[in-house]
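# Results of the structural survey
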Amino acid sequence: MTLNGIERNIPRVLFLSLFPRINRRNHTANVEVSAAELEALSIIADISDPLSSRITYELSPKHCDNFVVTHLTTGQQLVILPAALRRILGLSRRTTEGVAALSAAKLAEVGFIIEGGNNNDSNYQYANYA
């Protein structure tokens, strides 16, 4: 499935169960996606492709003892205050580095810009599937 230029692998059975109204004989087409369906697709995609939601974080003296957080799929990096990251991820005060798999909502809460996320500005978006 391609959504806003990002290709994601969704198991066929799960995709068809989410969109029972599509013609199952078509292997390539466009489908209108509601906000709720888009959120369900994001959850399915995160389960199907665990690397899409993985981050690394490391406390960096070079960045005033803040955490440098990297989204592994997109390569985005950001610097976040230690207290904020610990609160969002539920980390111990002694944690200085690690890897985590986050939901799309948590990625946004950390500060990452995720393409194809839930867009509340419009009621529907279109996704291509093949």
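Predicted, not measured: the structure shown is a model, and the values here were computed from it. (Residues numbered from 1 in each chain as written. Predicted model: local features only at pLDDT ≥ 70, side-chain atom pairs only at ≥ 80, totals over all residues. Heavy atoms only, no water.)

## Observations concerning the overall build of the chain
Scanning the chain for helices and strands turns up four helices and eight strands. In sequence order, the secondary structure elements of the chain are arranged as β-β-α-β-α-β-β-β-α-β-α-β. Counting every position in the chain, which comprises 130 residues, the buried fraction comes to 36%. Looking at the chain alone, contacts between residues at least 24 apart form 56% of all its contacts between residues at least 6 apart. When the accessible surface of the chain is summed, it comes to about 8300 Å², and 52% of that surface belongs to carbon and sulfur atoms. (Helix = DSSP H or I, 4+ residues; strand = E, 2+ residues; numbered from the N terminus. Buried < 20%, exposed > 50% of the residue type's maximum accessible area, 1.4 Å probe, protein only. Contact = heavy atoms within 4.5 Å. Areas by Shrake-Rupley, 256 points an atom, 1.4 Å probe, with all protein chains shown as cover.)

## Some words on the sheet that holds strand E7 (residues 97-101)
The sheet built from four strands is open, its strands ordered E6-E5-E4-E7 with antiparallel pairing. Every other strand in the sheet has two partners, leaving strand E6 (77-80) and E7 as the edge strands with one partner each. The average angle at which neighbouring strand axes cross in this sheet is 25°, direction not considered. Sheet analysis places strand E4 (residues 54-60) next to E7, joined by five bridges and oriented antiparallel. Its bridge partner lying in E7, glutamate 58 is registered against glutamate 97. (Pairing = 2+ DSSP bridges. Axes fitted to C-alpha atoms, helices over the stretch in contact; angles between N-to-C directions.)

## Considering the pairing of E6
Along E6, the buried face is formed by Leu78 and Ile80; none of Gln77 and Val79, which line the opposite face, is buried. Pairing of strand E5 (residues 66-71) with E6 involves four bridges; the strand directions are antiparallel. Directly across from valine 69, in E6, lies its bridge partner leucine 78. Between E5 and E6, which pair antiparallel and follow one another directly, the connecting turn spans five residues, one of which, glycine 75, has a positive phi of 80°.

## Remarks on the environment of threonine 56
With respect to the helices and strands, threonine 56 occurs in strand E4. With twelve residues separating them in the primary sequence, threonine 56 and valine 68 have C-alpha atoms 8.2 Å apart. Non-local contacts of threonine 56, meaning those with residues more than four positions away in its chain, are made with Val68, Val69, Thr70, Leu72, Gly98 and Val99.

## Considering the packing of aromatic side chains
Applying the stated criterion across every chain yields a total of one aromatic pair. When the centroid spacing of 5.9 Å and the interplanar angle of 75° are considered together, the rings of tyrosine 57 and phenylalanine 67 count as edge-to-face. With a gap of ten residues between them, tyrosine 57 in strand E4 and phenylalanine 67 in strand E5 connect regions that are remote in the sequence. Owing to a relative accessible area of 7%, tyrosine 57 belongs among the buried residues under this scheme. Relative accessible area serves as the criterion here: at 0%, phenylalanine 67 is assigned to the buried category. (Phe/Tyr/Trp six-rings, centres within 6.5 Å; stacked < 30°, edge-to-face > 60°.)

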